[in-house]
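One letter stands for each residue in the lines below.
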Amino acid sequence: SAVISQKPSRDICQRGTSLTIQCQVDSQVTMMFWYRQQPGQSLTLIATANQGSEATYESGFVIDKFPISRPNLTFSTLTVSNMSPEDSSIYLCSVNAGGTDNYGYTFGSGTRLTVV
Amino acid sequence: AQSVSQHNHHVILSEAASLELGCNYSYGGTVNLFWYVQYPGQHLQLLLKYFSGDPLVKGIKGFEAEFIKSKFSFNLRKPSVQWSDTAEYFCAASPYNQGGKLIFGQGTELSVKP
């Protein structure tokens, strides 16, 4: 299965600032997914990022708040913009190494974000 | 809307007790199903998955799950839990032809007393 390197692993940020999270995969993958896990809650999909096209956002998430880049088949970034304390969460990237076959989802180790 | 529901928020068991965690999904078409585990301070790990075929799937660490299509269920079981099974367990569904996204249940926290 794919191996994902995600960084930073944690950060404490001031409200109103932005943080960019990076996700590097050791193999080429078609789709990359960004999730949020709020304290004590389950994972919620933020968006799906395909190389060469705009990311597809889930209901409740917008590009201005969570811009995503996907410059190639092994890398993606998620930016959390104009942060507020409500953005304090764990953010995870995930890949499906089987492309659209729904096989082999792998998750990064997550970025624990605290906004003060 | 598509959703995944886990029946139990927090389960407390003694070692050697049997475990069954409920999971139901709401999607009428073909769906792939997963159980993930998150140990304290660690990232998600895949326990097992169901795509097709035998509805009883076996995963790592002695876990198994049974897909019952008529009940839209995918319950996780283990005959005898260990203290090291203490973790958060997430059921997830990936509806076919929906871009590969995973829809997660709320999670069940399992605490195993030694």
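Structure: above.
Here goes a summary of the coordinates provided. (Residues numbered from 1 in each chain as written. Chains lettered and ligands numbered in written order. Predicted model: local features only at pLDDT ≥ 70, side-chain atom pairs only at ≥ 80, totals over all residues. Heavy atoms only, no water.)

To continue, consider the side chain of K65 of chain A. Residue and element names in this part refer to chain A. Relative to the helices and strands, K65 is located in the loop between β6 (56–57) and β7 (68–72). Residue K65 is classed as buried on the basis of its relative accessible area, which comes to 19%. One polar contact links K65 to D87, side chain to side chain, over a distance of 2.6 Å. If near-sequence neighbours (up to four positions away) are discounted, K65 is found in contact with T79, V80, S81, N82, M83, S84 and D87. (Helix = DSSP H or I, 4+ residues; strand = E, 2+ residues; numbered from the N terminus. Buried < 20%, exposed > 50% of the residue type's maximum accessible area, 1.4 Å probe, protein only. Polar contact = N/O pair within 3.5 Å; in protein donor to acceptor, adjacent residues only side chain to side chain. Contact = heavy atoms within 4.5 Å.)

Let us look at the state of the cysteines. With the rule as written, the count across this model stands at two disulfides over all chains. Sulfur-sulfur distance for the disulfide between C23 of chain A and C93 of chain A comes to 2.0 Å. Here C23 of chain A and C93 of chain A share a disulfide; its torsion about the S-S bond, 70 degrees, makes the bridge right-handed. Pair noted here: C23 of chain A is in strand β3 (residues 19–25) and C93 of chain A is in strand β9 (residues 89–96), with a separation of 70 residues, a long-range link. In this structure, C23 of chain A and C93 of chain A share a single accessibility class: buried. The disulfide partner of C23 of chain B is C91 of chain B, and the gap between their sulfur atoms is 1.9 Å. Between C23 of chain B and C91 of chain B the sulfur-sulfur dihedral comes to about -70 degrees; the bridge is accordingly left-handed. Highlighted residues: C23 of chain B in strand β4 (residues 23–26) and C91 of chain B in strand β10 (residues 87–95), separated in sequence by 68 residues. A residue is classified by how much of its surface remains accessible, and C23 of chain B, at 0% relative accessible area, is buried. Owing to a relative accessible area of 0%, C91 of chain B belongs among the buried residues under this scheme. In this model C13 of chain A remains outside any disulfide bridge; the closest cysteine sulfur is found in C93 of chain A, 17 Å from its own. (Disulfide = S-S within 2.5 Å.)

Attention now moves to the pattern of salt bridges. Residue and element names in this part refer to chain B. Under the counting rule described, the total for this entry stands at six salt bridges over all chains. For K58, the salt bridge identified is with E64, shortest N-O distance 2.9 Å. Under the relative-accessibility criterion, E64 is labelled buried at 18%. Residue K78 is joined to D85 by a salt bridge in which the shortest nitrogen-to-oxygen separation is 2.9 Å. For K78, a relative accessible area of 8% puts it in the buried group. Owing to a relative accessible area of 2%, D85 belongs among the buried residues under this scheme. Each member of the salt-bridge network shares a partner with another, and the members are K58, E64, E66 and R77. (Salt bridge = Lys/Arg side-chain N within 4 Å of Asp/Glu carboxyl O.)

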